[in-house]
Amino acid sequence: MFILRAAVLRRRPVSALRCLRAGYTASRTTAAYIQGQSPGPRIREYFYYIDHQGQLFLDDTKVKNFVTCFKDKHFLVFFFSRLRSNQSGRYEEDFPFLSLCGRERNFLRCDDRPVVFTHLLQDPPGHEGERELLSYCGGAEKLSVPFRPEALYMHPVSGRVYHPCSDVGGGVGLVRSALAIELSPSFVYSQDDAQSGQPTHFLWGGRTHKLTNELEGLLLAGDWGGGHQGELG
């Protein structure tokens, strides 16, 4: 794996923050690690963090912003296409996700969800049944799922917007705030609730889509997709 790490690896123990369910604030844990540590022959371990904007960082990067996040598309596609639930027996509670490359283990924790949708794309011209795609984590069309407007879900506590993804994220991906703001005028609320309650419909493509709220149970239960071994796709 051609690891393009944007920060100097620190040879000192650091502690990690847990991923918590949507709408909650993370708290510090006692998990300690050293970037690049080798717990066994020819094995290396690295630790990453993804924020609610879909930006990926080395976990111990002190200043996390657009300058310090990973931006190389090939690396991001490689990393997230191999992402799965962490069932390695190591750091499972504090880093619930893992991207493997041979003997290299790349552990991931997140501010909210491991899949963060960042852009709404059109299928390339010429594709049968041209459709819109939601792209995640900087991978453009290489990391994307079909956009299902009826499946959008607005969390009643945090106000964040979610959309279905693969099982690795518990079937739920976060829509980053900038994209959610672009979509927000299309949400329709009942007259009784106005904008103080949950939206009931979504206007898109000249149609009124009734929201299914199919993600509600997964989010409110804090289901992180434990037990799923499938890769993103």
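From a predicted model like this one, the values you see are computed outputs, not experimental measurements. (Residues numbered from 1 in each chain as written. Predicted model: local features only at pLDDT ≥ 70, side-chain atom pairs only at ≥ 80, totals over all residues. Heavy atoms only, no water.)

Caption draft 1: Structural context of the packing of aromatic side chains. Under the defined criterion, the tally for this structure stands at 17 aromatic pairs. Ring centres of F75 and F79 lie 6.0 Å apart, and the angle between their planes is 50°; this geometry places the pair in the tilted category. One end of the pair, F75, and the other, F79, are both in helix α1 (residues 73-81), 4 residues apart, so they sit about a helical turn from each other. Owing to a relative accessible area of 0%, F79 belongs among the buried residues under this scheme. Here F79 and F80 contribute two aromatic rings whose centre-to-centre distance is 5.1 Å and whose plane-to-plane angle is 70°, an arrangement assigned as edge-to-face. In terms of burial, F79 and F80 fall into one category: buried. Through pairs of rings, three or more aromatic residues link up here, namely Y33, F47, Y91, F95 and F107. Above the ring of F66, the side-chain terminus of K71 is found at 4.9 Å from the ring centroid. One residue, R82, lies across the ring of F78, its end atom 3.7 Å from the ring centre. (Phe/Tyr/Trp six-rings, centres within 6.5 Å; stacked < 30°, edge-to-face > 60°. Helix = DSSP H or I, 4+ residues; strand = E, 2+ residues; numbered from the N terminus. Buried < 20%, exposed > 50% of the residue type's maximum accessible area, 1.4 Å probe, protein only. Lys NZ or Arg CZ within 6 Å of the ring centre and 35° of its normal.)

Caption draft 2: Looking closely at the pairing of strand β6 (residues 97-101). Across the 5 residues of β6, 4 count as buried, placing the element largely inside the fold. Pairing between strand β5 (residues 83-85) and β6: 3 bridges, direction antiparallel. The residue bridging R84 from the neighbouring strand is L98, located in β6. Sheet analysis places β6 next to strand β7 (residues 104-110), joined by 5 bridges and oriented antiparallel. Bridge assignment links L98 to a residue of β7, and that residue is F107. The turn joining β6 and β7, which pair antiparallel and follow one another in sequence, is formed by 2 residues; a positive phi near 60° is taken by G102. (Pairing = 2+ DSSP bridges.)

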